[in-house]
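Residue-level structural notes
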Amino acid sequence: MSQITEHPAHLQHHFTDVHQQAESAKLGMWIFLLTEVLLFGGLFCFYAIYRSWNPDMFHNAHAFLNVWMGATNTVVLIVSSLTMALAIRSMQLGKRKLTMWFLAGTVLLACVFMVIKYFEYSHKIHLGQLPGKWYFFEGIAGTNPHIFFSAYFLMTGLHGFHVLGGIGVITWLFIKTARGSFSPEYYTPIEMTGLYWHLVDLIWIFLFPLFYLIG
Amino acid sequence: MDTTRSLFLPPQGSTVASDVDALFGFIFWISLFFFVGVTALTVYFCIKYKRKDGKSETTPYIESMALEITWIVIPTILLMVIFVWGFQDFVRLHIVPANSMEIKVTGQKWFWSYNYEEGATGVGELVVPVGKPVKLLMSSKDVIHSFFVPAFRIKMDVLPNRYTITWFEATMTGEFEIYCTEFCGKGHSEMWGTVKVLPQDEFDKWLEAGSGPGEGESMKDYGARMFVKNACNTCHSLDGSKNVGPTFQGLFGRREVMSDGTAITVDENYIRESVLNPMAKQVAGFDPVMPTYQGILKDVDIDGLIAYIKSLEN
Amino acid sequence: MEHTIPEKHYLNEATGWKSWLMTLDHKRIGILYMIMVMFSFFLGGVFALLIRWELLSPDKILMGPEMYNQAFSLHGIIMIFLFIIPSIPAILGNFVMPLMIGAKDVAFPRLNLASWYIYVIGFCFAVYALFTGGIDTGWTFYTPYSSESTTAVIPILTAAFVLGFSSIFTGLNFIVTIHRLRAPGMTWFQLPLFVWAIYATALIQVLATPVLGITLALLMLERVVGIGIFDPAMGGDPVLFQHFFWFYSHPAVYIMILPGMGIISELIATFSHRRIFGYKFIAFSSLGIAFTGFLVWGHHMFVSGQSDLAAVIFSFLTFFVGIPSGIKILNWIATMYKGSISLDTPMLWALSFLILFSIGGFTGIVLGTLSIDVHLHDTYFVVSHFHYVMVGGTVMAIFGGLHYWWPKIWGRMYNETLARIAVVMIFVGFNITFFVQFIMGTQGMPRRYATYLPQFQGMHGFSSIGALIMGVGFLLIAIYLIYAIFKGKPAGPNPWRALTMEWETPSPPTAGNFEGQPILEHGPYDYDKVIPENALKPYKTI
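Residues numbered from 1 in each chain as written. Chains lettered and ligands numbered in written order. Predicted model: local features only at pLDDT ≥ 70, side-chain atom pairs only at ≥ 80, totals over all residues. Heavy atoms only, no water.

1. Points about the packing of helix H4 (residues 96-127) of chain A against helix H5 (residues 146-178) of chain A
All names here are of chain A. Where H4 meets H5, the closest approach of the two axes is 9 Å, and the angle between their N-to-C directions is 155 degrees. In terms of orientation, H4 lies roughly antiparallel with respect to H5. As for how H4 packs across H5, the hand of that crossing is left-handed. Looking at the contact of H4 with H5 residue by residue, the classes come out as 19 nonpolar, 8 polar and 4 charged. (Axes fitted to C-alpha atoms, helices over the stretch in contact; angles between N-to-C directions. Helix = DSSP H or I, 4+ residues; strand = E, 2+ residues; numbered from the N terminus. Parallel < 35°, antiparallel > 145°, perpendicular 65-115°, else oblique. Left-handed = near helix turned anticlockwise from the far one by under 90°. Nonpolar A, V, L, I, M, F, W, Y, C, P; charged D, E, K, R; others polar.)

Right, here's the structure in full:
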């Protein structure tokens, strides 16, 4: 590690240089994402076990999800991942205005996702396709269809919270970018949020076929 | 090996007990050997290599791959021996012999009840013949319990949503304790029972006799026996103290306020209803936790209980 | 040679309560943790004594069954979630680990402080539960009992959930710190073994804790909104809860013991003044334990109704956890061979660990054996086994570590005579308390019993006497250690003449830990090459 004489404002005192600081942040973020994967992993296990116990019921129940809304949301999230990546790229090139546009686009797409989700949820709540003891819909063959909706609401719900968290953080990044806190030398927060946002996207890419496209 | 057995383990009451104990003994002596070795070396080194006059000298470092490998390989082999041995016994503990007699065991807060194929029922005391394999088909009515007979070296959790199975073949007559070993709440530590192992002919007689007071036994005494046998005493005191349920002292003829605000006088019909359908009318101030004895108690048993409760005056 | 306390150090460089509650210094955060965690240990200890008091007689003494169930549940929950899991990593890991690798701080100091605040929030939830109905489910929260219990299950689950995040963030911080902030020239195989142990522990914290989080969240949803996934009446499965629970809680056992093993490696090497025998074997056995620890959760469930095949596989794998622990013990003993052994207090704790943890390990083999576990599961044998591992192992290591680093943390020495009396009291008291529980267990005494058959009264009484001795011993330790903070003799930078890097700074260290960036000059255990001479005085022996 080389001795750096200059001391940029964003370098914290306990790091030797900016490189060490950026590398630490990156590793920390990856470990955090790993814990997120394990958090969802528990729910995926729960899904797999109950689906293997009630394969027919899961198949019957999934028909009540709106594939078009799900598919639209998948596209929306993938595009938002792209805009997020472009935001990082623009900051690397030092184009602050462009970065702000891309960040704003990402937030907008995330909001579109949540709005579509809202329509899906309210429709199900209206019909009584609800988890556990709240379930009162009739018309799904098979035992305990409420389990399917427990899994559906738990997993998409937890994912939804992550999208909301993402909206908050990206908005904060937008403000910071507007204030000029980032530069081609220092854009770690945007990069880290990008990693997080890709994971949120990735989890949805697993959720979509598992709930909407049961074959 | 006999010395460890008498110190550590309860009597061997079933066919599998001696095998389990033999493996326990094997691990015990091996562990003791290594433990004494480890401790002796530690103490010896502490004395032999004690730092003298406050000076410590640097000594060349020794490394030995051979030593490392030895103390990895030898324990591994021993552990595999123990695993295979334990595995074989475990299989025996789990394969129920084909000629077993089956008894249905039900666990609930906080007593055990038994249903025999021949129609007999029992609570608390499980009566079985000696020298004959017995299969227990078990389930729970509420939370998880666990059926444990130390003398037989068997234990199995009893679950609310499925049947679990265990089996034993008693090798000696006598009475052995049954414990619940999965925490199940307030009465957990008193969810005791006994296995009463009888010679085959006495067991057959018991099975035929069914219930009812014995010869020369009054209904009141019979009721007192039922009071303990059916675990009523777990929740109902006789000395006036408040337990899970109301005390039986002076119960008969008492005026009780029900949870819905009405008041009734305790009579024969109320007692009978409370035994068979406890949720119908409950005394105010108590949790609705009384289990139904429908299908467990026969009319004669309830008659005995009523006679007994009548006798419990203030 | 007389030592003095340096004029400026991390304890007096900033003053006022704000300088503590807003501190980003890993050393101060370690001390904040020490206060909370040790207070929790005291609370848990009070419940332990209440339990032992009640068990003097099968009849009611102080508590009826409902109170007793609360007492043992709270003892377990406090000791596990509030004391033993955070204990070594959060106190000593925080204080010592960055010093050991020559870093100025942990990688994310703000996250480190946040972890402490999250811990405090979890602590508050637990205390809130204590005053609003308590908890009677045991620390394992088995369904369906925990979904029905009328006690304050939700606050206590929230507490455990929140504490889990504290644990995850600490683990994350330490992994990054060890990867990125080592002093120049310090390779992985020049790390002190305590750092290896903390690293392995952090991996488990990060990998296992999220699963506990989601499990507890599901249990809360089950109670609050009735999603019914563990409720048999709604097509759910209570055994599934046990799988989820133990998937975390078995690895959690290694979160508790691994850092303890790391401390023992330091103590044995330092007080034998000898290069540690089989460094790589000890280092890799930590990782081995961390890895295999994830594959054996089902050995808590041999009689739970899981499939027989699963039971057999879990039993087989369980035996492989035993081997790395055995490797460590034998390597420690080999380290003492031809050493220059000094029986100072920390070393006495280490020796206690060796003996008690061996017993814990051997009885673990007994419990891992399928056929025998059927008999011993959920009896006092299990209770005794895990107390031999957790108290005989981890708690011995914690106190060994505290005595070892006390002069580094506060710059002052405690009273050696009192310290030796205390360690003997704890060792004797512990064995009186728990050895007899092995015998009760094999004879069939089930755990979590408020009352028992009269044949066990003698042994229960004996056990309770031991608990009292331990209680007095811990009280004695608290007294002389706190006294030493204010009135102890200045210790000097390196009272034990150890070679790891934390002893190269003054005691107590300065706020920035080192003057400039320290450079590695020798390995942590190069006692065959150097013996530092900057000691308190000519070395004391007994």
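2. With respect to the side chain of Thr-158 of chain C
Residue and element names in this part refer to chain C. Note on placement: Thr-158 falls in helix H6 (residues 153-180). Residue Thr-158 is classed as buried on the basis of its relative accessible area, which comes to 17%. Not counting the four nearest positions on each side in its chain, Thr-158 is found in contact with Phe-125 and Met-220. (Buried < 20%, exposed > 50% of the residue type's maximum accessible area, 1.4 Å probe, protein only. Contact = heavy atoms within 4.5 Å.)

3. Remarks on the sheet that holds strand E10 (residues 193-198) of chain B
All names here are of chain B. Sheet architecture is open: 5 strands sit in the order E4-E10-E9-E6-E7, paired in mixed fashion. Each edge of the sheet is formed by a strand with only one pairing partner; in this case those strands are strand E4 (125-129) and strand E7 (154-158). This sheet shows a mean twist of 20 degrees between the axes of neighbouring strands, independent of strand direction. Bridge analysis of strand E6 (residues 145-149) against E7 gives 5 bridges, and the strand direction is antiparallel. Looking across to E7, one finds that Phe-148 is bridged to Lys-155. (Pairing = 2+ DSSP bridges.)

4. Digging into the interface of chain C and chain A
Between chain C and chain A, the contact holds 32 residues from the first and 34 residues from the second. Where chain C abuts chain A, roughly 2,900 Å² becomes buried across the two surfaces, and 73% of that area is made up of carbon and sulfur atoms. A per-residue breakdown of the area chain C buries against chain A is headed by Arg-180, Ile-214 and Met-234 of chain C, which together make up 18% of the total. The interface formed by chain C and chain A includes 1 salt bridge. One salt bridge in this structure joins Glu-23 of chain A and Arg-180 of chain C, with 3.5 Å as the shortest N-O distance. The interface formed by chain C and chain A includes 7 residue pairs in polar contact (both at pLDDT 80 or more). Those elements that place two or more of their residues in the side of chain C that touches chain A are helix H4 (109-131), H6, helix H7 (193-225) and helix H8 (238-272) of chain C. Ranked by residues supplied to the side of chain C that touches chain A, first place goes to H7 of chain C with 8 residues. Counted by class, the side of chain C that touches chain A contains 22 nonpolar, 5 polar and 5 charged residues. (Buried area = accessible area lost by both parts, 1.4 Å probe. Salt bridge = Lys/Arg side-chain N within 4 Å of Asp/Glu carboxyl O. Polar contact = N/O pair within 3.5 Å; in protein donor to acceptor, adjacent residues only side chain to side chain.)

5. Quick notes on helix H3 (residues 65-100) of chain C
All names here are of chain C. For H3, built from 36 residues, the straight-helix expectation of 52 Å at 1.5 Å per residue is met to within 8% by its first-to-last C-alpha distance of 49 Å. Most pronounced at Ser-87, the bend in H3 amounts to some 60 degrees, and the proline Pro-89 follows within four residues. With 33 of 36 residues buried, H3 lies mostly within the body of the structure. Backbone geometry just after H3 places Gly-102 at a positive phi near 70 degrees. (Expected span 1.5 Å × (residues − 1). Bend = angle between axes of the 7 residues up to and from the residue.)

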